[in-house]
Amino acid sequence: MKEGRINLYSDTQTRPSAAMREAMMQAPVGDEQSLADPSVNLLCERTAALMGKEAAVFLPSGTMCNEIALMVHCRPGDEIFAHESAHITHFEGGGPSALSGAHVRSLPGERGVFSTRALQQAIRPDSRYFPRARLVEIEQTANLAGGTLWSLEEIKAVTALAREHGLSVHMDGARLANAVVASGISFAEYAVHCDSVWLDLSKGLGCPVGAVLTGSAAFIDEVWRWKQRIGGAMRQAGMLAAAGIYALEHNIERLAEDHANAKRFGALIRAVEGVRLTPAEVETNIVFFDVAATGVDADTISEALENRGINVGAFTTTTLRACTHLDVTAAQVEEAGAAFAEVVEQLR
Ligand SMILES: *Cc1c(COP(=O)(O)O)cnc(C)c1O
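This structure is a prediction, so every number in the text was calculated from the model and none was measured. (Residues numbered from 1 in each chain as written. Predicted model: local features only at pLDDT ≥ 70, side-chain atom pairs only at ≥ 80, totals over all residues. Heavy atoms only, no water.)

*Asks:* Lay out the environment of Ala217 in plain terms, naming residues and giving numbers.
*Replies:* Tracing the backbone through its elements, the reader meets Ala217 in helix H10 (residues 217–229). Along the chain, Ala217 and Lys53 lie 164 residues apart, while their C-alpha atoms are 8.3 Å from each other. Every residue in contact with Ala217, bar those within four places of it in the chain, is listed here: Glu54 and Ala55. (Helix = DSSP H or I, 4+ residues; strand = E, 2+ residues; numbered from the N terminus. Contact = heavy atoms within 4.5 Å.)

*Asks:* Lay out the side chain of Arg254 with the relevant residues and their values.
*Replies:* Along the polypeptide, Arg254 turns up in the loop between helix H11 (238–250) and helix H12 (255–270). Within the structure, Arg254 has its side chain in polar contact with the side chain of Asp258 (distance 2.6 Å). Once residues lying within four places of it in the same chain are set aside, the contact partners of Arg254 are Gly204, His325 and Leu326. (Polar contact = N/O pair within 3.5 Å; in protein donor to acceptor, adjacent residues only side chain to side chain.)

*Asks:* Got a sec to walk through the packing of aromatic side chains? Specific residues and values, please.
*Replies:* As enumerated under the stated definition, the model contains four aromatic pairs in all. Ring plane angle 90° and centroid distance 5.4 Å describe the contact between Phe289 and Phe340, whose orientation is recorded as edge-to-face. Of this pair, Phe289 sits in strand S10 (residues 286–290) while Phe340 sits in helix H14 (residues 330–347), and the two are 51 residues apart along the sequence. By relative accessible area, which is 0% here, Phe289 ends up buried. Grouping aromatic residues by their ring pairs yields a cluster made of Phe265, Phe289 and Phe340. Here Arg128 stacks its cationic end above the ring of Tyr129, 5.3 Å away from the centre of that ring. The cationic tip of Arg229 hangs over the ring face of Trp226; the distance from NZ or CZ to the ring centre is 4.5 Å. (Phe/Tyr/Trp six-rings, centres within 6.5 Å; stacked < 30°, edge-to-face > 60°. Buried < 20%, exposed > 50% of the residue type's maximum accessible area, 1.4 Å probe, protein only. Lys NZ or Arg CZ within 6 Å of the ring centre and 35° of its normal.)

Listed below in structure tokens is the structure:
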């Protein structure tokens, strides 16, 4: 992909702002792996407090948060229940099977949410014939399902069932901040139902690197063993943590702008004949849409937009994803929507 002027490809593509870079420059630092980096310590304290958890650890990526959490929760042969669109299933290089030796059972459900009924049907009795049921994974927001929200009621119901069966609960909170801003429900109100939960700093929060995994003190002790073992323990990581602290202070509430921009982009492209939003409503900062009925390939549309300096990713031959973030303005969304309409008219 050639990066254009208007990058709707992903909220991972944000650049650290001047103010964030300044905070990084000023950061007090120390040796992270001996817990002596004040900036990392502060980031971890703040994130743990936000989530209402005892402890937190700074990791280089969200993927590492997921994979280490799964290694701590699971043993080889265990079974993890997740929605069929889950990031751990599609984008982590087979991590759960390669690293934990656990396998992921994919559950169906609308908008990235599976029902208690689907979970109940999937949980097998305790028997030496079956994999041992161990963990329920919830992705908030559900990325591939379109940045959709699990409601608090849905989370309560599914996690209550998990508890009845003695299962642990992990939340992939890559975009939990988007869920908090969209719903008005706090981080802690979501996190209280989960044993482990993490937040990505390098998505909509605009940091260059990093994610923070939280849980009980005992859980985080085990996470640290894996972090050390696989080379995720760092040194003067405070410069990166300072970006995270800056983001927690300045970049959460503004996610509402990204949501308004995504809704506007959805409205603009939905007006083009043959375009269908999937799902039909834009809930946060992600817009998935189907262009099959225009008769033009998703790839062809993506390339034509790229030639105009606009990045929108083709996901399948008929679907595309646009993602808003802090480096995309409302005016750019108008321009991208208009360009999309023109491109489709020219190509069909
Ligand atoms: C991006 C993402 C991840 C992985 O985070 P990285 O920081 O890119 O490793 C995990 N889960 C979901 C839902 C994501 O969108």
